[in-house]
Amino acid sequence: MKGLKFTRKQLCIPYLLFLLCFVALPLLVVIYYAFTNGDGQFTIKNFINFFTSPNTLGTLFYSFSIAIATTIVCLLLAYPIAYILARSKMKQKMVLVFMFVLPMWINFTLRITALKEILTLIEGNLAYYPFLNSIIGMTYDFLPFMILPMYTTLLKLDNSLLEAASDLGANSVQVFLKITLPLSVPGIISGVVMVFLPSMTNYVVLDMLYNSTYIMGSFIGSYFSAYDWHNGSMISLVLLAIIAIITLMTSKYTDENESRGGSLL
Amino acid sequence: MKKFFSAIFIVIMLLFVYMPILILAFYSFTTSANIGSVHGFSLQNYITLIENEELRSMIIGTVLLALVSAVFSTVLGTLGAIGSFYSGKTTKGIVNSLNQVPVVNADVVTGFSVCIAMVIVCNVEKSTFIPLIVGHIVLSAPFVYLSVVPKLKQMDSSLYEAACDLGATPGQALTKIVFPQIMPGIVSGFAMAITLSLDDYFIASYTKPATFDTISTYVVNATRGSQTEIKTALWALSTVMFVAVIVVVVIMNLSSRKKEGAKNAEI
């Protein structure tokens, strides 16, 4: 590198160009396709199609129900785990934390294959309980993503606050409701964001468990394989809008570095 | 009593997480084609995994793709993080917000948009692997960026200036001063890029060449098919991956502990 003349600022040029070409531009293309027809003329037909077709609305509703149910189940399971691990005085508790997070690094299709074999053994035909199995599958897939941010937040919890509260006469339920729970909100919200969005679009879990893809993500795919970029783009745009709204709503509370469990490595 | 219930709960949740993987691992060493019936010990699944041409090339292809896209992601993301860290507010703002898009976006939408822009509009052939590699860089580079930025914030900024004042070129100051300081961020970014690429299904399904399969797309297709030999060989693959992940995690942890130990010894 000797003799090479550049300033530090210029180092971001390649990445900026990359982001413009492969992140910004594709989004603009999607917006363009969403509001044009096959002849390239402006139209809001795709938009109206989306919000008038019972098929798309039904799928949107179903995806929302799966995502909400998965998020609630993950929350109810992950919060106690994170709480117990964070408050535990065990010396080797990092090993337990790692055990809960480790599956995150195993390919999710292989993990779902394992789950499918077990569920088939227990239930027989998985298509009999599609909603229940979807929730089990999604929870199995996303639980680690919920545990990690909540654990990190609960670990930072200042013990003296809890002691102060109980010294001042609060019982353990009051301490939990008035101190612990409010202070763990950032972790809860980043966990919820990390589980809610993927479970709305992860059609592969349903596809693998009982050959159904009745969920938002697969819709893009079915339009795509029918060479209908316009309606596919409109669905992408709706998903983007939902994601944008959730991100804006929660950005105040979350710590961006905790996304997708990177912080543990 | 409270402790007892906590322990029971943790054990039950660990069983929920590991039971499927472990049962599959057990059956991968038998001749049975379905879970529930044991016939006898066999390494046939592991032999198939190594000898079957299709499986072998699929695994090697997936690993190569992860390595190539992780290297590109790490270089782009690290340089981008350094550059934007020292840039003015506007550039920093643009890079930060564009960087955040693939992080929060659903992978289906990322894959679809990259595919539409590159393959449909720009006519780049999927068979060149370029859309697939670009798609995986779009997925991973933002996470490298996010893991390098905090290390830059922690760094003492006067070190770089001191090096320049003492006659180092910007290139030397960068390689001798900045890189060693932010190395932990770069390494964890690289590791994350590898896992994201290995785990991805959605982006690959939109951008991969028709004749190429990653582990994810292959497994999804295999669950639709009825080839028992392939199905049980995938149990072996799941077991191998499980063991590999444990080994990597243990090694990374031990080495980081060693470093900490060395640091403490210096002090």
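From a predicted model like this one, the values you see are computed outputs, not experimental measurements.

Caption draft 1: Structural context of the overall build of chain A. The secondary structure content of chain A amounts to 12 helices and zero strands. Across its three principal directions, the C-alpha atoms of chain A cover 70 × 70 × 35 Å. Considering chain A as a whole, with its 265 residues, one finds that 45% of them fall into the buried category. Put simply, of all contacts in chain A between residues at least 6 apart along the chain, 76% involve residues at least 24 apart.

Caption draft 2: Region of the structure containing the overall build of chain B. Of the regular secondary structure elements, chain B holds 11 helices and zero strands. For chain B, the α and β elements follow one another from N to C terminus as α-α-α-α-α-α-α-α-α-α-α. Overall, the C-alpha framework of chain B stretches about 75 × 60 × 40 Å when taken along its three principal axes. Split into buried and exposed, the 267 residues of chain B put 41% on the buried side. Taking as baseline every contact in chain B between residues at least 6 positions apart, the subset at least 24 positions apart corresponds to 72%.

Caption draft 3: Focus on the interface of chain A and chain B. At the interface, 72 residues of chain A touch 71 residues of chain B. Secondary structure elements with two or more residues in the side of chain A that touches chain B: helix H1 (13-34), helix H3 (54-87), helix H4 (93-101), helix H5 (108-123), helix H9 (185-201), helix H10 (203-210), helix H11 (216-225) and helix H12 (229-250) of chain A. A total of 15 residues in the side of chain A that touches chain B trace back to one element, the largest contributor, which is H1(A). Of the residues that constitute the side of chain A that touches chain B, the class distribution is 49 nonpolar, 15 polar and eight charged.

Caption draft 4: The arrangement of the confidence of the model for chain B in detail. The share of residues in chain B with pLDDT of 70 or more is 97%, and the mean pLDDT across the chain is 89. As scored by the predictor, the complex reaches a pTM of 0.88 and an ipTM of 0.88.

Caption draft 5: Examining H1(A) more closely. With 22 residues, H1(A) should cover 32 Å at 1.5 Å per step; its first-to-last C-alpha distance of 30 Å lies within 8% of that length. In H1(A), a bend of some 30° at Leu20(A) exceeds every other bend along the element. Those residues of H1(A) not exposed but buried are Tyr15(A), Leu16(A), Phe18(A), Leu19(A), Phe22(A), Val23(A), Pro26(A), Val29(A), Val30(A), Tyr33(A) and Ala34(A). For H1(A), the secondary structure elements touched by its buried residues are helix H2 (45-52) and H12 of chain A together with helix H3 (53-85), helix H4 (89-104), helix H5 (107-121) and helix H6 (130-154) of chain B.

Caption draft 6: Layout of the nonpolar core. All names here are of chain A. Ala-78, Ala-82, Met-146, Ile-147, Met-150 and Tyr-151 are the most contacted members of the largest nonpolar core, which totals 143 residues. Counting residues per element, this core draws most heavily on helix H6 (residues 130-155), at 13 residues. Excluding residues that lie within four positions of it along the chain, Met-150 makes contacts with Ala-78, Tyr-79, Ala-82, Ser-184, Gly-187, Ile-188 and Gly-191.

Caption draft 7: Broad picture of the environment of Lys92(B). All names here are of chain B. Among the structural elements, Lys-92 can be located in helix H4. The class for Lys-92 is partly exposed, based on 16 C-beta atoms found within 10 Å. Measuring from C-alpha to C-alpha, the distance between Lys-92 and Gly-80 comes to 9.7 Å, with 12 residues separating the pair along the chain. Excluding its chain neighbours within four sequence positions, the residues that come into contact with Lys-92 are Ser-84 and Ser-87.

Caption draft 8: Local environment of the packing of helix H7 (residues 157-165) of chain B against helix H8 (residues 170-199) of chain B. Residues and elements named next belong to chain B. Where H7 contacts H8, the axes come no closer than 9 Å and their chain directions differ by 135°. Between H7 and H8, the angle falls in the class oblique. Once H7 is placed against H8, the crossing between them reads as right-handed. Where H7 abuts H8, its residues Leu-159, Tyr-160, Ala-163 and Cys-164 lie against Pro-170, Ala-173, Lys-176, Ile-177 and Val-178. Among the residues forming the contact of H7 with H8, the class breakdown is eight nonpolar, no polar and one charged.

Caption draft 9: Representation of the confidence of the model for chain A. Residues and elements named next belong to chain A. Looking at chain A, the pLDDT average stands at 86 and 93% of residues meet or exceed 70. Within chain A, the lowest mean pLDDT, 83, falls on H11, and the highest, 94, falls on H1. Per-residue pLDDT stays below 50 along residues 256-265; that stretch engages in 30 contacts with residues further than four places along the chain or on separate chains.

Here is what the cut-offs are and how they apply
Residues numbered from 1 in each chain as written. Chains lettered and ligands numbered in written order. Predicted model: local features only at pLDDT ≥ 70, side-chain atom pairs only at ≥ 80, totals over all residues. Helix = DSSP H or I, 4+ residues; strand = E, 2+ residues; numbered from the N terminus. Buried ≥ 20, exposed ≤ 12 C-beta atoms within 10 Å, placed from the backbone. Contact = placed C-beta atoms within 7 Å. Nonpolar A, V, L, I, M, F, W, Y, C, P; charged D, E, K, R; others polar. pLDDT = per-residue confidence, 0-100. Expected span 1.5 Å × (residues − 1). Bend = angle between axes of the 7 residues up to and from the residue. Core = buried A, V, L, I, M, F, W, Y, C linked by C-beta atoms within 7 Å. Axes fitted to C-alpha atoms, helices over the stretch in contact; angles between N-to-C directions. Parallel < 35°, antiparallel > 145°, perpendicular 65-115°, else oblique. Left-handed = near helix turned anticlockwise from the far one by under 90°.

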